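Here is what each chain is made of, one letter per residue.
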Amino acid sequence: QWNKGWKILEKIEGLSIIGDSDSKKVLKRKAVEASSPSASQLKKINIRERIAKLLSLLNSGLYEKEEAVRLALLSAIAGESIFFLGPPGTAKSMISSRIHHAFKEGTKYFEYLMNEFSTPDEIFGSVKLKGLDEGVYEKNTNGYLPEANVAFLDEIWKSGPAILNTLLTIINEKKFRNGDKVVKVPLQVLLAASNELPKEKSGLEALYDRFIIRTIVNPVSMENEDSFFALCEKSGKELVVSENMKPNLLTIEEVQGWSEKINEIKLFATIKEVIMEIRRELEVKNQEKNRDEKEKYYVSDRRWKKIIHLLKTSAFLCDRKEVDLMDLQ
């Protein structure tokens with residue numbers, strides 16, 4: 001199915017394709033003549049260098065988690081949500097905690113391990129007793145998810161409808177109903193994890209759709225013995241941010257200020273063609289006679305819009321003014 005896609009990619013100037021089969025082919029940017037960067041370019045290069053340093057920091061003491069960390073940081077900067085799927089003990093919670101450490105001191109973090117007995121008070125705050133005397137049902141949200149900038153919910157699908165329905169509004173609209181007031185929440189990124197997918201016909205499709213990135217987090221591979229024993233002997237220490245590293249950390253205000261520049265990133269015809277080829281291929285698969293209804297692919301318009309936003313964010317963090325094939329990969 002990818003033959004046509006690779007033919008499209010081969011036509012694009014500035015990129016080369018390496019590999020002897022579809023499964024092994026990768027994209028590589030062709031070398032370009034070096035030139036002295038302008039002052040404005042130097043300012044942008046600093047963003048790319050900061051991201052590279054941040055990724056190096058966040059990956060320290062983790063093994064074979066580079067992709068998950070990279071996608072989590074991308075989600076945080078883009079203001080989108082990410083879901084980790086993987087067995088227990090594969091550092092899903094550690095990755096989420098480290099994304100919090102990518103931001104400067106003062107950034108509020110909330111995390112919680114969900115179970116079937118979890119109550120909304122444990123996530124969104126307990127009811128103010130003083131208000132009850134006056135007939136006011138209002139929660140004290142201090143220290144809870146409605147006041148967090150970065151939040152991590154482990155085993156998210158184990159919680160009940162009262163929690164998940166409220167989460168839907170928080171993720172989608174960045175709003176939380178507290179008593180008779182609707183307040184704006186400062187949540188920049190929600191990271192969630194589970195060792196299972198939401199059950200079919202459980203009413204969780206809308207919430208699952210809000211997690212634009214979904215990635216699998218696996219244990220260290222059998223082939224990588226060095227990483228396995230390094231994991232067993234060296235990792236597990238608390239992440240320490242050196243004084244030299246602190247200037248590279250992000251702030252919520254800074255990241256939100258990048259939004260306008262990210263929206264200005266161009267999406268040229270070549271990239272649109274590749275995206276449309278993916279959409280067409282999904283539709284071809286859906287039309288296969290032996291494909292059950294539950295096996296058909298569905299990507300909502302909202303999801304496509306947010307995917308484009310992620311591509312533009314990736315381009316921005318790579319010091320480019322347009323999306324290219326490296327972002328798609």
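What comes next concerns the included structure. (Residues numbered from 1 in each chain as written. Predicted model: local features only at pLDDT ≥ 70, side-chain atom pairs only at ≥ 80, totals over all residues. Heavy atoms only, no water.)

1. Quick notes on the environment of Val189
We count it as follows: Here a strand is any run of E in DSSP of at least two residues, a helix any run of H or I of at least four, and the numbering for each starts at the N terminus.
Looking at where Val189 falls in the secondary structure, it is placed in strand E10 (residues 189–194). Between the alpha carbons of Val189 and Asn149 there is a distance of 6.8 Å; along the sequence they are 40 residues apart.

2. Observations regarding the packing of helix H12 (residues 269–286) against helix H13 (residues 301–317)
The condition that has to hold: Only the stretch in contact is used when a helix axis is fitted, and all axes are lines through C-alpha atoms; the angle between N-to-C directions ranges over 0 to 180 degrees. Crossings are assigned a handedness: left-handed for a near helix turned anticlockwise from the far helix by less than a right angle, right-handed for a clockwise turn. Between two residues, a contact is recorded if the distance between any of their heavy atoms is within 4.5 Å. Lys, Arg, Asp and Glu make up the charged group, whereas Ala, Val, Leu, Ile, Met, Phe, Trp, Tyr, Cys and Pro make up the nonpolar group; the residues left over, Gly among them, are polar.
Close contact between H12 and H13 brings their axes to 13 Å; oriented N to C, the two are set at 145 degrees. Regarding H12 and H13, the two cross each other, and that crossing is right-handed. Packed against H12, whose contacting residues are Ile275, Ile278 and Arg279, the element H13 presents Trp304, Ile308 and Leu311 at the interface. Within the contact of H12 with H13, the residues separate by chemical class into five nonpolar, no polar and one charged.

3. A closer look at the sheet that holds strand E7 (residues 150–154)
Our working rule: Pairing between two strands is assigned when DSSP locates at least 2 bridges connecting them.
Spatially, five strands are ordered E4-E7-E10-E3-E11 in an open sheet, and the strand pairing comes out parallel. Each edge of the sheet is formed by a strand with only one pairing partner; in this case those strands are strand E4 (109–113) and strand E11 (211–216). The sheet shows a mean angle of 15 degrees between the axes of neighbouring strands, taken without regard to direction. Relative to E11, strand E3 (residues 81–85) is paired through five bridges, and the arrangement is parallel. For Ser81, the partnering residue across the bridge sits in E11 and is Phe211.

4. Considering the packing of aromatic side chains
The test is simple: Here a Phe, Tyr or Trp ring, Trp counted by its six-membered ring, pairs with any other such ring whose centre lies within 6.5 Å, and the pair is stacked when the planes are under 30 degrees apart, edge-to-face when over 60, and tilted otherwise.
One pass over the structure, following the stated rule, counts nine aromatic pairs. When the ring of Trp157 is compared with that of Tyr208, the centres are 5.8 Å apart and the planes differ by 75 degrees; the resulting orientation is edge-to-face. Remark: Tyr208 occurs in helix H8 (residues 205–209) and Trp157 occurs in the loop between E7 and helix H7 (161–173); sequence separation between them is 51 residues. Their ring planes at 55 degrees and their centres at 5.5 Å tell us that Trp258 and Phe316 sit as a pair that is tilted. One end of the pair, Trp258, is in the loop between helix H10 (252–257) and helix H11 (259–263); the other, Phe316, is in helix H13, with 58 residues separating them in the sequence.

Read these as layout, nothing more, since geometry by itself doesn't imply function.
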